[in-house]
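Architecture at a glance
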Amino acid sequence: MNKYLENLKRIEFVITFACTGRCKHCSEGEHTTTGEYIESEKARKLVRSVAENYQIDSLMTFGGEPLLHPETVCAIHSMAKEMKIPKRQIITNGFFCKDMNKIKLIAQNLIESGVNDILLSVDAFHQETIPVEPVKVFADEIHKSGIRIRVQPAWLVDKEHDNHYNRKTVEILELFKKDGLEEASGNVIFPSGNALKYLGDYFEQDKEYVSPYEENPRDIHAISIKPNGDVLDDNI
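Residues numbered from 1 in each chain as written. Predicted model: local features only at pLDDT ≥ 70, side-chain atom pairs only at ≥ 80, totals over all residues. Heavy atoms only, no water.

It is worth spelling out the environment of Gly-63 at this point. By the secondary structure assignment, Gly-63 is in strand S2 (residues 58–63). When its relative accessible area of 24% is taken as the criterion, Gly-63 is described as partly exposed. Sequence spacing of Gly-63 and Lys-226 is 163 residues, and the spatial spacing of their C-alpha atoms is 9.1 Å. Every residue in contact with Gly-63, bar those within four places of it in the chain, is listed here: Val-14 and Thr-16. (Helix = DSSP H or I, 4+ residues; strand = E, 2+ residues; numbered from the N terminus. Buried < 20%, exposed > 50% of the residue type's maximum accessible area, 1.4 Å probe, protein only. Contact = heavy atoms within 4.5 Å.)

This part is about the sheet that holds strand S7 (residues 182–183). Reading across the sheet, the seven strands line up as S7-S5-S4-S3-S2-S1-S9 and stay open at both edges, with parallel pairing between neighbours. Across the chains shown, the open sheet's two edge strands, defined by having one partner strand only, are S7 and strand S9 (222–225). In terms of strand pairing, strand S4 (residues 117–120) meets strand S5 (residues 148–151) through four bridges, oriented parallel. Looking across to S5, one finds that Leu-119 is bridged to Arg-150. (Pairing = 2+ DSSP bridges.)

Of the voids in this model, the second largest pocket is the one considered here, and its volume is about 220 Å³. Taken together, 14 residues make up the lining of the second largest pocket; nearest its centre are Val-157, Val-188, Ile-189, Lys-207 and Tyr-209. When its residues are assigned to classes, the lining of the second largest pocket shows 11 nonpolar, one polar and two charged. (1 Å grid on protein atoms, 1.4 Å probe; cavity = no way out; pocket = protein on both sides within 12 Å on 5 of 7 lines; lining within 4 Å. Points joined across faces, edges and corners; volume = space filled by probe spheres on them. Nonpolar A, V, L, I, M, F, W, Y, C, P; charged D, E, K, R; others polar.)

Helix-helix packing: each pair is described by the crossing angle between the helix axes and the interaxial distance. Following both chains from N to C, one finds helix H1 (residues 40–53) and helix H2 (residues 70–82) inclined at 20°, their axes separated by 9 Å at the closest point. In terms of their interaxial angle, H1 and H2 are classed as roughly parallel. Between H1 and H2 the crossing geometry is right-handed. Note on element contacts: H2 touches H1 through Glu-71, Thr-72, Ala-75, Ile-76, Ser-78, Met-79, Ala-80 and Glu-82, opposite Ser-40, Ala-43, Arg-44, Val-47 and Arg-48. When its residues are assigned to classes, the contact of H1 with H2 shows six nonpolar, three polar and four charged. (Axes fitted to C-alpha atoms, helices over the stretch in contact; angles between N-to-C directions. Parallel < 35°, antiparallel > 145°, perpendicular 65-115°, else oblique. Left-handed = near helix turned anticlockwise from the far one by under 90°.)

On to the pairing of S4. For a regular strand, side chains alternate in direction, first toward one face of the sheet and then toward the other. Taking every second residue as pointing to the same face, both faces of S4 are buried, with Asp-117 and Leu-119 on one and Ile-118 and Leu-120 on the other. Sheet analysis places strand S3 (residues 87–92) next to S4, joined by four bridges and oriented parallel. Pairing of Ile-90 across the sheet is with Ile-118, part of S4. Of the crossover connections in this fold, the one passing from S3 over helix H3 (residues 100–113) to the parallel S4 is right-handed. In this fold, the crossover linking S4 to S5 by way of helix H4 (residues 132–143) has right-handed handedness. (Right-handed = clockwise from strand over helix to strand, strands pointing away.)

If you walk through the whole model with that rule in mind, you get four aromatic pairs. Arranged with centres 6.2 Å apart and planes meeting at 75°, the rings of Tyr-165 and Tyr-202 form a pair that is edge-to-face. Here Tyr-202 lies in the loop between helix H6 (194–199) and S9 and Tyr-165 lies in helix H5 (residues 164–177), a separation of 37 residues in the sequence. When the centroid spacing of 5.7 Å and the interplanar angle of 85° are considered together, the rings of Phe-203 and Tyr-209 count as edge-to-face. The exposure class assigned to Tyr-209 is partly exposed, which follows from its relative accessible area of 28%. (Phe/Tyr/Trp six-rings, centres within 6.5 Å; stacked < 30°, edge-to-face > 60°.)

Remember that the coordinates give geometry; whether it matters functionally is a separate question.
Following this line, the structure appears as structure tokens:
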């Protein structure tokens, strides 16, 4: 066993960098609605191989907007369920098409695939370009199934900071809380990509910001696979 992977507990798939949002806070910068995405069968083989050799506690799919490729997401999660990975999570903005019947169908497919924890990115930044109604239809379909779904907002500076983005986020969250959705801890926006371009005035110029998602290369707890298949120093 690779000594740097002794504590490996998690697999993450960036399904695609394509996205339906045009968010000012996105650390990845500008997005299009099309682009490269993970190959389902190769991803499934990786899940099986890793889970056979390590005690994996959680698997996550995200993007971009992962549900631009729902078949790929479902294929990965069904394998995670088969391999008895207990936490099978997805982060989505909930807006991947405008057809309400298709939204409900994809929600049901996710449920059947074994997804058991959904984080829904809703806040002032997402809702500048993403309509609330289709997101609520998706959230309601998941919520009534009993699958855990939580709203996952992005906070500017921190949750308590008084700025118009945070105030708008609080208003938007109330719309979903009225439907019974709980609020997750959310995340604080990191100064990179669009966030640095559009929100630079909110960050301290002389402060060194450290990404909370950086891994110690000598003690890796999670591996993250990019849309082109890149992972660590290899490719799936």
